[in-house]
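# Chain and residue survey
As a plain string of letters, each chain reads:
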Amino acid sequence: DVVMTQSPLSLPVTLGQPASISCRSTQGLVYSGRYTFLNWFQQRPGQSPRRLIYEVSNRDSGVPDRFSGSGSGTDFTLRISRVEAEDVGVYYCMQGTHWPWTFGQGTKVEI
Amino acid sequence: QVQLVESGGGLVKPGGSLRLSCAASGVTFSDYYKGWIRQAPGRGLEWLSYISGDSGDTNYADSVKGRFTISRDNAQGSLYLQLNSLRVEDTAVYYCATGPQIRTPDYWGQGTLVTVSS
């Protein structure tokens, strides 16, 4: 299975400051030579996961533009340009290229 | 408004069975792949299975292969997961998910809790 390794696992942040989460895969995530199915999800306490970013860098509708995704190959990053209080939660990367699709361990973002 | 609602969870003894359901409303999902993901208490997320719109393409994680069966009824707008030979380690919240591309699921249900304990 493809292992997704996130770092850090715990991320204390300061309101208004930037934050960054790394996600590394044990295999490349390009599918059919065209797509890279690397996604980012946010899970707030007591809620279901919510997709923020799909295919590395595409932000979902309604997701604030302070969230951005980047990367290629086996290294990917989620960035928050200025953390707000509502960003508290656990963030997961997920690869949808190789079955079984797999998630990272999660990064807990707390103020 | 798109909504997925899971049901069927509960307390079951090891070796027992349950059938989970996921009802969709707001959008016709009959063409979309659908899948099941679980989250053990305090743990991360694990993809279990997916099924194509016509039910012709299915796949399972090794951890549930031979014990769990995914199915769907497009006329009812429903997705199912039959859980057999349950183990303590199957205790988790089970989510259904779907979207135009199941490899990047953008619709999730609220989850249903399955507890396997004697």
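Please refer to the structure higher up on the page.
Across its full length, chain B holds zero helices and eleven strands. Scanning chain B from its N terminus toward the C terminus, one meets helices and strands in the order β-β-β-β-β-β-β-β-β-β-β. Computed over its C-alpha atoms, the radius of gyration of chain B comes to 13 Å, within 12% of the 13 Å expected for a compact globule of 118 residues. Expressed as lengths along the three principal axes of its C-alpha atoms, the size of chain B is roughly 40 × 25 × 25 Å. Counting across all 118 residues of chain B, residues that qualify as buried make up 47%.

At the interface, 23 residues of chain B touch 19 residues of chain A. Taken over both partners, the interface formed by chain B and chain A buries close to 1700 Å², and the fraction arising from carbon and sulfur atoms is 63%. When the area that chain B buries against chain A is broken down by residue, the three leading residues are L45, W47 and R103 of chain B, summing to 42%. Taken together, the links from chain B to chain A amount to one salt bridge.

Residue and element names in this part refer to chain A. One pass over the full model with this rule turns up 15 aromatic pairs over all chains. Plain terms: the ring middles of Y92 and F103 are 6.5 Å apart, the flat faces sit at 85° to each other, and that makes the pair edge-to-face. Taken together, the residues span a long stretch of sequence, with Y92 in strand 11 (residues 89–95) and F103 in strand 12 (residues 102–103) at a distance of eleven residues. Note on F103: relative accessible area 8%, which makes it buried.

Pairing between the strands of a sheet comes from backbone hydrogen bonds, and it takes one of two forms, parallel or antiparallel. Residue and element names in this part refer to chain B. The four strands are arranged 1-3-8-7 in an open sheet whose pairing can be described as antiparallel. The outermost strands of the open sheet, each flanked by one partner alone, are strand 1 (3–7) and strand 7 (68–73). Strand-to-strand twist across the sheet, computed as the mean angle between neighbouring axes with direction ignored, equals 15°. Alignment of strand 7 against strand 8 (residues 78–83), held across six bridges, turns out to be antiparallel. Directly across from F68, in strand 8, lies its bridge partner L83.

This part is about the state of the cysteines. Residues and elements named next belong to chain A. Applying the stated criterion across every chain, the model contains two disulfides over all chains. Note on cysteine connectivity: C23 is disulfide-linked to C93, with sulfurs 2.1 Å apart. Linking C23 and C93, the disulfide has an S-S dihedral of approximately 75° and is accordingly described as right-handed. Taken together, the residues span a long stretch of sequence, with C23 in strand 3 (residues 19–25) and C93 in strand 11 at a distance of 70 residues. Of the two residues, C23 and C93, neither departs from the other in class, the shared state being buried.

Reading guide: rules and limits
- Residues numbered from 1 in each chain as written.
- Chains lettered and ligands numbered in written order.
- Predicted model: local features only at pLDDT ≥ 70, side-chain atom pairs only at ≥ 80, totals over all residues.
- Heavy atoms only, no water.
- Helix = DSSP H or I, 4+ residues; strand = E, 2+ residues; numbered from the N terminus.
- Rg over C-alpha atoms; globule rule 2.2 N^0.38 Å.
- Buried < 20%, exposed > 50% of the residue type's maximum accessible area, 1.4 Å probe, protein only.
- Contact = heavy atoms within 4.5 Å.
- Buried area = accessible area lost by both parts, 1.4 Å probe.
- Salt bridge = Lys/Arg side-chain N within 4 Å of Asp/Glu carboxyl O.
- Phe/Tyr/Trp six-rings, centres within 6.5 Å; stacked < 30°, edge-to-face > 60°.
- Pairing = 2+ DSSP bridges.
- Axes fitted to C-alpha atoms, helices over the stretch in contact; angles between N-to-C directions.
- Disulfide = S-S within 2.5 Å.

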